[in-house]
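# Survey of secondary and tertiary structure
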Amino acid sequence: MFRQGVVVLVVLSTVFAAEIKNMRIPEIDDEWEKFKQTYNKNYPDDQQDQRRSIWEANIDYINEHNRRADEGQYTFWLAVNQFADMTNEEFVSTMNINKMTSERSGEENTEFKDVDIRSLPTEVDWRAKGYVTPVSNQGQCGSCWAFSALGSLEGQHFKQTGTLVKLSAQNLMDCSHKLGNNGCEGGFMIGSYKYIKINNGVDTDASYPYTARDGTKCLFKRENVGATLKSYVDLPKGSEATLHKAVAMVGPISVAIDAEHTSYQFYQKGVYYEPACNPNQLDHANLVTGYGVTTNGTEYWMVKESWGTTWGMDGYVLMSRNRNNNCGIANLASYPIV
């Protein structure tokens, strides 16, 4: 199960804090103030120097990575974002959740077995076809599992009805505990599908809005149901070919990846490839909304995140495709049947 960790902020001693303050780079004082203003950052006085030190170290990491990317050593670039005042350990424990099980219990899928990949479109973008709702921001809450599952259901509901409805992640967080989900502490896409099936629906986001924190009780209302489902499908573990077919023929597909790396924390653009990724250590859920090939022939998955539009490419990342299942993107893929 994914579970959000608890971030413990270490208060620096007065002497150490003074040393850090003296080590500041005065030339970027304006950038620091702009960063705090842009992302609405407010720190207690005893944390200002600690956050500034972390921010400067992250800027150094970003600049060094981008220098190497400009030289052709990487296929993606990084940028300062809302996570720039967090260590990677803090980022992982706050935005991701504990390692996700690869247990598969959905219907066995046979639809794609005889499909020739060569017959599929070279590029697919379900956003352009109306299947995808705007990018959400999960805040400091480990609720990515809910946004991932609902993103796939939103697409299938649109495919069936012609109406795009943003569904309630808060409904899943507050009401699906019996199916193995635990709100901001983590959950499963499969548990989400099971809840929606048993519950005969999930409310709309408009009627049951997201709060980025656990609710004290379930507020589901039958009259506000925005979508239902009959069952769900697990795709074969590790098969990018089957994921390719599913994205081309079905719509947006729920997936999970290993997202604990600093390179992912500050992703800005380009095709993300991280050789340090462990495909068997999945800790973050998101949504494949399409795929394509860059002008230089690099294949990618188009992936929707739930970290707001200030992260990545307006909330999206291009993940490497057909590079040995990088970051495990094909290890836990699923979608609902409506």
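Everything below is about the structure printed above this text.
Everything numeric in this text was worked out from a predicted model, so none of it was measured.

Thresholds, definitions, all that
Residues numbered from 1 in each chain as written. Predicted model: local features only at pLDDT ≥ 70, side-chain atom pairs only at ≥ 80, totals over all residues. Heavy atoms only, no water. Disulfide = S-S within 2.5 Å. Helix = DSSP H or I, 4+ residues; strand = E, 2+ residues; numbered from the N terminus. Buried < 20%, exposed > 50% of the residue type's maximum accessible area, 1.4 Å probe, protein only. Pairing = 2+ DSSP bridges. Axes fitted to C-alpha atoms, helices over the stretch in contact; angles between N-to-C directions. Parallel < 35°, antiparallel > 145°, perpendicular 65-115°, else oblique. Contact = heavy atoms within 4.5 Å. Nonpolar A, V, L, I, M, F, W, Y, C, P; charged D, E, K, R; others polar.

We now examine the state of the cysteines. One pass over the full model with this rule turns up 3 disulfides. A sulfur-sulfur separation of 2.0 Å characterises the disulfide bridge that pairs Cys141 with Cys184. Taking the sign of the torsion about the S-S bond as the criterion, the disulfide between Cys141 and Cys184, at about -100 degrees, is left-handed. Taken together, the residues span a long stretch of sequence, with Cys141 in the loop between strand 3 (124–125) and helix 5 (144–161) and Cys184 in the loop between helix 6 (169–175) and helix 7 (189–199) at a distance of 43 residues. With respect to burial, Cys141 and Cys184 carry one shared label: buried. Along the protein, the cysteines engaged in disulfide bonds are linked according to the scheme 1-3, 2-4, 5-6 when indexed in sequence order. Distance from the sulfur of Cys144, which forms no disulfide, to the nearest cysteine sulfur (Cys141) is 9.0 Å. Residue classification places Cys144 among the buried positions, given a relative accessible area of 0%.

Sheet topology places strand 1 (residues 76–78) next to strand 8 (residues 267–272); 3 bridges connect them, and they run antiparallel. If you follow Trp77 over to strand 8, its bridge partner there is Lys269.

Let us now look at the packing of helix 2 (residues 29–38) against helix 3 (residues 48–70). Close contact between helix 2 and helix 3 brings their axes to 12 Å; oriented N to C, the two are set at 105 degrees. On the basis of their axis angle, the class for helix 2 and helix 3 is roughly perpendicular. Contacts between helix 2 and helix 3 pair Asp29, Glu31, Trp32, Phe35 and Lys36 from the former with Gln48, Arg51, Arg52 and Trp55 from the latter. Residues of the contact of helix 2 with helix 3, tallied by class, amount to 3 nonpolar, 1 polar and 5 charged.

For helix 8 (residues 240–249), a buried count of 8 out of 10 residues is recorded, marking the element as mostly surrounded by other parts of the structure. Considered for burial, the residues of helix 8 that qualify are Glu240, Thr242, Leu243, His244, Lys245, Ala246, Val247 and Ala248. Taken together, the buried residues of helix 8 touch strand 3, strand 7 (253–257), strand 9 (284–293), strand 10 (299–304) and strand 11 (316–320). Of the residues trailing helix 8, Gly251 is marked for its positive phi of about 140 degrees.

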